[in-house]
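Commentary on secondary and tertiary structure
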Number of protein chains: 2
Amino acid sequence: MYSVPAYATPAADAALAPHTITRRNPGPHDVQIEILYSGVCHSDIHQARNEWGGSMYPMVPGHEIVGRVIAIGDHVKNFKVGELAGVGCLVDSCRTCEQCQAGDEQFCETGSVGTYNSKEYNGEPTYGGYSTQIVVDENFVLHVSEKLDLKAVAPLLCAGITTYSPLRHWKVGAGQRVAVVGLGGLGHMGVKLAAAMGAEVTVISTSDSKEADAKRLGATHFINSKKPDAYKGWEKSFHLILNTVSAPHSYDSLLPLLKTNGTMTLVGAPPTPSEVVGFNLIMQRRMLAGSLIGGIKETQEMLDFCAEHNIVSDVEIINMNQINEAYERMMKSDVKYRFVIDMASLKG
Amino acid sequence: MYSVPAYATPAADAALAPHTITRRNPGPHDVQIEILYSGVCHSDIHQARNEWGGSMYPMVPGHEIVGRVIAIGDHVKNFKVGELAGVGCLVDSCRTCEQCQAGDEQFCETGSVGTYNSKEYNGEPTYGGYSTQIVVDENFVLHVSEKLDLKAVAPLLCAGITTYSPLRHWKVGAGQRVAVVGLGGLGHMGVKLAAAMGAEVTVISTSDSKEADAKRLGATHFINSKKPDAYKGWEKSFHLILNTVSAPHSYDSLLPLLKTNGTMTLVGAPPTPSEVVGFNLIMQRRMLAGSLIGGIKETQEMLDFCAEHNIVSDVEIINMNQINEAYERMMKSDVKYRFVIDMASLKG
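The rules behind the values
- Residues numbered from 1 in each chain as written.
- Chains lettered and ligands numbered in written order.
- Predicted model: local features only at pLDDT ≥ 70, side-chain atom pairs only at ≥ 80, totals over all residues.
- Heavy atoms only, no water.
- Helix = DSSP H or I, 4+ residues; strand = E, 2+ residues; numbered from the N terminus.
- Rg over C-alpha atoms; globule rule 2.2 N^0.38 Å.
- Buried < 20%, exposed > 50% of the residue type's maximum accessible area, 1.4 Å probe, protein only.
- Contact = heavy atoms within 4.5 Å.
- Areas by Shrake-Rupley, 256 points an atom, 1.4 Å probe, with all protein chains shown as cover.
- Lys, Arg positive; Asp, Glu negative; His and termini not counted.
- Charge placed at Lys NZ, Arg CZ, Asp CG, Glu CD.
- Pairing = 2+ DSSP bridges.
- Axes fitted to C-alpha atoms, helices over the stretch in contact; angles between N-to-C directions.
- Expected span 1.5 Å × (residues − 1).
- Least-squares fit on C-alpha atoms with pLDDT ≥ 70 in both.
- Buried area = accessible area lost by both parts, 1.4 Å probe.
- Salt bridge = Lys/Arg side-chain N within 4 Å of Asp/Glu carboxyl O.
- Polar contact = N/O pair within 3.5 Å; in protein donor to acceptor, adjacent residues only side chain to side chain.
- Domains from an automatic or database assignment.
- Core = buried A, V, L, I, M, F, W, Y, C linked by side-chain atoms within 4.5 Å.
- Phe/Tyr/Trp six-rings, centres within 6.5 Å; stacked < 30°, edge-to-face > 60°.

This paragraph deals with the overall build of chain A. Across its full length, chain A holds ten helices and 18 strands. Relative to its length of 348 residues, chain A is compact, with a C-alpha radius of gyration of 20 Å against a globular reference of 20 Å. Overall, the C-alpha framework of chain A stretches about 60 × 40 × 35 Å when taken along its three principal axes. Across the 348 residues in chain A, those meeting the buried criterion constitute 60%. Long-range contacts, defined here as pairs at least 24 residues apart, represent 66% of the contacts in chain A between residues at least 6 apart. Counting only carbon and sulfur atoms, one obtains 49% of the accessible surface of chain A, whose full area is about 13200 Å². Seen as two clouds, the 30 positive and the 37 negative side-chain charges of chain A have centres 6 Å apart.

Structure (structure tokens):
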């Protein structure tokens, strides 16, 4: 065990503040990573504030981690000291159940181990990316290309895979029309990725102020959902609707925009139920689905895809001590499109 | 044009009564069918009473039609006089759109022609199976095996295909666990078909009185959804939930019963919206879907499957003049499991 500086919150109603945590010494299969950048995901706020229940304190959030390998265990095969590395939402899973075998560790039947606010199988609490180092089994560490702007890669580890996985699962490609609902941290990645996969992308947003950005990011069309008759002429238009909105909203107003056999997949989870009229599903064999991050193999595939297509997140870099202010700005959607902490600011 | 006896309703608030309709003389591609049995679908009531809006009167309901070919047009290739024949919910479609080309005429982009309460492309109203004869283009006529009990075949044309199509679409087979929610006209067919496809079937019903029947029809397990903790131990159990209930009910209570990547498909459409919590879909990549009857090719496949597996509907035969009483009993779910009209009773 060794100590590293971190930022933690001691309770649901407390601010984040400097804190010291311990990390395990790297075991034979472990990779020790110096964290260079850590993205700030909206779920960090939900968990820090115990909005989903069951939060464990002190909590060190952060599951969009990129850095450089500084040590490896004796049996590590796929990483070398000095290489770039990434860690996303998961740091372990049972590896034997049907879901793990299928590469869907996020659905591990035993329960996967989250990067923070979780417990290792030996009972030790996990601490996330708002710290200077992390030690992770190599099977849950990702390779990161040197080609990309590293600080803008961090959000790919959650926002990237969360949008990439459903686009792949529902086989988005050339000739398809995809709508992305909500242009925030998730949505802006969804637009970039769907466009790179060859789809024609439409952004659906509540604010005209997002139109220029939507088109810059790769969208062809823009719909302001607050305008009267916003969806007129858009019925049966989309093969897939990637719905990234976590504020309460009507699913039913969006379902008629799906083509026959089309799917709307939720990656944002409103805290309250939304209404669904069965006829909107039945009449065109439509589907309302959900998707949760992605598996490790798929996350690597996403990172490789991003390197190939030169895709990163649009980020605003902050110092560690600006995190509480960043949370407040995120609550007002005042970020384009992801805060990333420069972890050098925690060492100094 | 020629006249045939029928039963029709002149208005949403009127009873069905004897009526005379005209049928077209068979054209070169038409099959003229003497109707022997006509099933009574719950949608007959919805439409007769204009509960879905847009009903056209006088209305002759009935889209579960079996009978014998009594004449064919010069260019008819696939039917001969004297053969059995069936007609389901559709009597025409554009035949050229993407959906028709894919064999999904029920989703025809031009709009398919319903067997009743619809209009042919030439503007003529369509009249359904509560009559002694019907004339239909051979492309929308099904072959019916002589092996099966004909009067019990009629409901296959709607209740059969409505449940068969989603079971096939979501690839139900051996080693899979399927739940059928609701044991009525649709549900009892769903149980028989899913069991014949090799799935382990569980019936979910609000009444213990259905348990014995559920098991007789092919179910292995039975859940009374009204009992406290009814679903305890059933979380993540089913690959597919075939939800046949058209009374308002909670989708959210059922979604957690789906395995990872599982689908609940609605084939009954409650008149009011139901609530859905996004988390229930997201956490296991579950899907809530709908399915609408099936295409013509798939309907033939279903009839052939039923002949091979000796599957028919459980029916109660009535005379034509008992139809209004039958509707009242159906409103109380007092039928096991489908009324079928013996059309000989209309001729006499």
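Looking now at the sheet that holds strand β13 (residues 238-243) of chain A. Strand pairing in a sheet is mediated by backbone hydrogen bonds. Such pairs are either parallel or antiparallel. On the basis of which strands lie adjacent, the open sheet formed by twelve strands has the order β12(A)-β11(A)-β10(A)-β13(A)-β14(A)-β16(A)-β16(B)-β14(B)-β13(B)-β10(B)-β11(B)-β12(B) and mixed pairing. The strands lining the two open edges of the sheet, one partner per strand, are β12 (221-224) of chain A together with β12 (221-224) of chain B. Averaged over all pairs of adjacent strands, the angle between strand axes in this sheet comes to 20 degrees, irrespective of strand direction. With five bridges joining them, strand β10 (residues 177-181) of chain A and strand β11 (residues 200-205) of chain A adopt parallel strand pairing. If you follow Val178 of chain A over to β11 of chain A, its bridge partner there is Val201 of chain A.

Look at helix α8 (residues 296-309) of chain B: 20 Å from first C-alpha to last across 14 residues, which is about the 20 Å you get at 1.5 Å a residue. Where α8 of chain B is buried, its residues contact β9 (142-143), α3 (150-153), α4 (159-169) and α5 (185-196) of chain B.

In screw terms, the move from chain B to chain A is a rotation of 180 degrees and a rise of 0.0 Å along the axis, fitting with an RMSD of 0.0 Å. Taken together, the rotation and translation describe the operation of a two-fold axis. Measuring from the rotation axis to each C-alpha of chain B, the shortest distance belongs to Glu275 of chain B, at 2.2 Å. Same-surface contact between copies: 100% of interface residues of chain B are shared with the interface of chain A.

Attention now moves to the interface of chain B and chain A. Across the contact, 36 residues belong to chain B and 36 residues belong to chain A. Between chain B and chain A, roughly 3200 Å² of surface is buried when both sides are summed, and carbon and sulfur atoms account for 63% of that area. At the boundary of chain B with chain A, the tally comes to two salt bridges. Between Asp104 of chain A and Arg285 of chain B there is a salt bridge whose closest N-O contact spans 3.0 Å.

Along the chain, the position of Thr263 of chain A falls in strand β14 (residues 258-266). Once residues within four sequence positions are removed from consideration, Thr263 of chain A is found in contact with Trp170, His239, Leu240, Ile241, Leu258, Met287 and Ala289 of chain A.

With that out of the way, let us pick up the environment of Tyr164 of chain B. All names here are of chain B. Take Tyr164: it is sitting in helix α4. Taking the C-alpha atoms as reference, Tyr164 lies 22 Å from Glu316; in sequence the two are 152 residues apart. Look past the residues within four positions of Tyr164 in its chain and what remains in contact with it is Leu193, Met197, Glu298, Glu301, Met302 and Phe305. Side-chain polar atoms of Tyr164 contact the side chain of Arg168, separated by 2.9 Å.

Residue and element names in this part refer to chain A. Domain annotation of chain A identifies domain 1 (2-158 + 295-347) and domain 2 (160-290). Between domain 1 and domain 2, the C-alpha centre-to-centre distance is 27 Å. Counting residues at the interface gives 18 residues for domain 1 and 19 residues for domain 2. Among the residues domain 1 hides against domain 2, the three largest losses belong to Glu298, Phe305 and Tyr337. Together they make up 37% of the total. At the junction of domain 1 and domain 2, the tally comes to four salt bridges. Between domain 1 and domain 2 we count 14 residue pairs in polar contact (both at pLDDT 80 or more) in total.

What follows concerns the nonpolar core. Core analysis: the largest hydrophobic core is formed by 238 residues, its most contacted members being Tyr130, Leu288 and Ile323 of chain A together with Tyr130, Leu288 and Ile323 of chain B. What Leu288 of chain A contacts, discounting residues up to four positions off in sequence, is Tyr251, Met264, Leu266, Val276 and Leu281 of chain A together with Val276, Leu281, Arg286, Met287 and Leu288 of chain B.

Attention shifts here to the environment of His249 of chain A. Residue and element names in this part refer to chain A. Looking at the element boundaries, His249 is found in the loop between β13 and β14. His249 sits 29 residues away from Gly278 along the chain, and the two C-alpha atoms are 17 Å apart. Sequence-distant contacts of His249, defined by excluding residues within four places in its chain, comprise Asn243, Leu254, Pro270 and Ser274. Side chain to side chain, His249 and Asn243 meet in a polar contact 2.9 Å long.

Scanning the entire structure with this criterion turns up six aromatic pairs over all chains. For the ring pair Phe279 of chain A and Trp52 of chain B, a centre distance of 5.7 Å and an interplane angle of 85 degrees mean the geometry is edge-to-face. Of this pair, Phe279 of chain A sits in helix α7 (residues 278-282) while Trp52 of chain B sits in the loop between α1 (42-48) and β4 (65-72), each in a different chain. A relative accessible area of 28% places Phe279 of chain A in the partly exposed class.

To continue, consider unusual backbone geometry. Negative phi characterises most residues that are not glycine, and trans characterises most peptide bonds. With an omega of -5 degrees, the peptide bond between Tyr57 of chain A and Pro58 of chain A qualifies as cis. Lys336 of chain B connects to Tyr337 of chain B through a cis peptide bond whose omega is -10 degrees. Its location among the elements puts Tyr337 of chain B in the loop between α9 (323-331) and β18 (338-342). A positive phi angle, close to 60 degrees, is found at Asn310 of chain B, a residue other than glycine. Along the polypeptide, Asn310 of chain B turns up in the loop between α8 and β17 (315-319).

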